[in-house]
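Structural overview for review
Residues per chain, in single letters:
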Amino acid sequence: MHTRSVRIDAFRRDDGAWDLEAELCDVKPHDEVLQSGVWPAGEPIHLMRLRVTVDAEFDVIDVVAVSDAVPYRGVCENIVADYRRMLGLNLLRGFRAGLRERLGGVAGCTHLTELAQFLPTAAVQAAAGDEQRRRTMFGQGADAPRPFMIDRCHAWRSDGPVVERYEPRWYRPAEAAPAPNSPVSTKERP
């Protein structure tokens, strides 16, 4: 009944920054009747793009938004310039909250804002494949900083088997939970 495609391509630039080019496309396999008219089968109802440039620290330094296909022509695409409000956000620190604050609800386009939410993980995947960035992200040597991905997902939790095996220096066993029906404290509670 509906196909949504999301694609993000990441490019490392000669100046050390990264361009993330994201596209969202919604298509119906049948003619769709909307308030604005009939949308023919196979023709995108939404075709939206974001190009976000981030520096080496993942700070957003440039944004271009485009809405090529929208159901309410003359209205929907008027919001694209507002996506420059993403400037200064950091993809790895509070990005999604900042995005909601600046472009949530009627302050933005639902589809462009949803598309932007994919950018942090896409940027991490792109940077992880870059050897120079990889050294910063994963650390090397005894004085290397804690790898950033620890405690950011289930697999990389600090008390889990991935950290225990691949980053044992940062492994922290979980505290044992008290056995069922055993007292938590020997002191009486008031």
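All of the points below concern the structure found in this document.

The rules behind the values
- Residue positions within a chain follow its written sequence, with the count starting from 1.
- Local features are withheld for residues below a pLDDT of 70 in this predicted model, meaning they are given only at 70 or higher, and side-chain atom pairs are given and counted only at 80 or more; totals for whole chains, interfaces and linings count all residues.
- Each side-chain value is worked out from all heavy atoms of the structure, with water and hydrogens disregarded.
- Buried Ala, Val, Leu, Ile, Met, Phe, Trp, Tyr and Cys residues form a nonpolar core when they are joined through side-chain atoms within 4.5 Å.
- We call a residue buried when its accessible area falls under 20% of the maximum for its residue type, exposed when it is over 50%, and partly exposed in between, using a 1.4 Å probe and counting protein chains only.
- Each helix is a run of DSSP H or I of at least 4 residues and each strand a run of E of at least 2, with the numbering of both proceeding from the N terminus.
- Pairs of residues are marked as contacts when any of their non-hydrogen atoms sit within 4.5 Å.
- In short, DSSP must find at least two bridges between two strands for them to pair.
- Directions from the helix axis toward the C-beta atoms define the arc.

Some details on the nonpolar core
Membership of the largest hydrophobic core comes to 32 residues, with the highest contact counts inside it found for L50, V60, Y83, M86 and L91. Of all the elements in the fold, those that place two or more residues in this core are strand 2 (18–27), strand 5 (46–54), strand 6 (60–69), helix 1 (95–103), helix 2 (110–116) and helix 3 (119–128). Per element, the largest residue contribution to this core is five residues, and it comes from helix 3.

Concerning the environment of H30
Position of H30 among the secondary structure elements: in the loop between strand 2 and strand 3 (32–34). Residue class for H30 comes out partly exposed when judged on its relative accessible area of 24%. Non-local contacts of H30, meaning those with residues more than four positions away in its chain, are made with M1, W39, P40 and A41.

Things to note about the pairing of strand 5
Within a regular beta strand, the side chains point alternately toward one face of the sheet and then the other, so they alternate between its two faces. Taking burial as the measure, the nine residues of strand 5 include seven buried ones, the bulk of the element. As paired elements, strand 2 and strand 5 share nine bridges and run antiparallel to each other. When the bridges of strand 5 are listed, C25 appears paired with L47. Here strand 5 pairs with strand 6 via eight bridges, running antiparallel. Note that in strand 6 the partner of M48 across the bridge is S67. Counting the residues that bridge the hairpin from strand 5 to strand 6 gives five residues, and of these F58 lies at a positive phi of roughly 75°.

Observations concerning helix 1
Along helix 1, the positions that sit buried rather than exposed are F95, G98, L99 and L103. Seen along its axis, helix 1 keeps its buried residues to an arc of 105°; they face one direction. Those residues of helix 1 hidden inside the fold are in contact with strand 6, helix 2 and helix 3. A positive backbone phi angle near 55° is found at G105, which sits one or two residues after helix 1.

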